[in-house]
Amino acid sequence: ARRGVIGVYSPEYCGTMARALKQLGAEHVLVVNTNGIDELSTTGVAHVAELTPQGEIREWQLDAAAELGMPRAELEQLRGGDASENAAILRELFAGERPGPMQDAVALNAAAGLYVAGVCESIEHGVAVAHESMKSGAPRKTLDAWVSASNAGHSS
């Protein structure tokens with residue numbers, strides 16, 4: 001993929017991964033870590049290495065609470081459960097039926113994807129777009145369509 005958001009388990013590898021992705025032909029990538037979590041999170045300050053569309057690699061910090069007005073979350077508030085519980089949580093999130101820390105975390109990571117895809121000019125704009133999309137229930141409809149298509153391929 002030429003564009004994307006990639007999490008690494010340690011912030012010290014963000015820059016290294018961004019440089020490697022540049023050599024592999026990536027165009028716009030964010031390599032992220034938040035307090036040892038391999039994604040953007042509202043639990044603390046994220047370390048980000050960005051390969052820009054101009055081919056530059058810049059490293060920066062993102063504090064979603066301070067910079068985007070998202071409430072700080074505790075890691076425990078973001079924990080899921082087993083596969084069926086996680087599927088139910090995802091359906092609720094995508095239907096806009098689960099406001100709170102999990103929805104903020106999903107919006108933050110979706111926003112990063114929208115930013116590197118060129119759909120939004122900033123992560124802040126992407127957060128607003130992602131929250132609005134979840135409130136509309138559109139992601140749930142897409143998920144349901146994917147599930148139906150996947151199940152149709154497995155019918156006997």
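Residues numbered from 1 in each chain as written. Predicted model: local features only at pLDDT ≥ 70, side-chain atom pairs only at ≥ 80, totals over all residues. Heavy atoms only, no water.

Caption draft 1: Here's a closer look at the side chain of His47. Of note, His47 is situated in strand β3 (residues 45-51). One polar contact links His47 to Glu59, side chain to side chain, over a distance of 2.6 Å. Looking at His47, its side chain comes within polar contact range of the side chain of Gln61, at 2.9 Å. In this structure His47 touches Pro11, Cys14, Val31, Val32, Asn33, Glu59, Trp60 and Gln61, once residues within four positions along its chain are discounted. (Helix = DSSP H or I, 4+ residues; strand = E, 2+ residues; numbered from the N terminus. Polar contact = N/O pair within 3.5 Å; in protein donor to acceptor, adjacent residues only side chain to side chain. Contact = heavy atoms within 4.5 Å.)

Caption draft 2: Examining the sheet that holds β3 more closely. Taken in spatial order, the four strands of this open sheet run β1-β2-β3-β4, and their pairing is mixed. In this open sheet, the two strands that pair with only one neighbour each are β1 (3-7) and β4 (57-63). Taking the axes of each pair of neighbouring strands and ignoring which way they run, one obtains an average angle of 20° across the sheet. As paired elements, strand β2 (residues 28-34) and β3 share six bridges and run antiparallel to each other. Following the sheet pairing, Leu30 is matched in β3 by Glu50. Packing against the sheet, helix α4 (residues 101-116) makes contact with β1, β2, β3 and β4, and its axis sits at approximately 160° to β2. (Pairing = 2+ DSSP bridges. Axes fitted to C-alpha atoms, helices over the stretch in contact; angles between N-to-C directions.)

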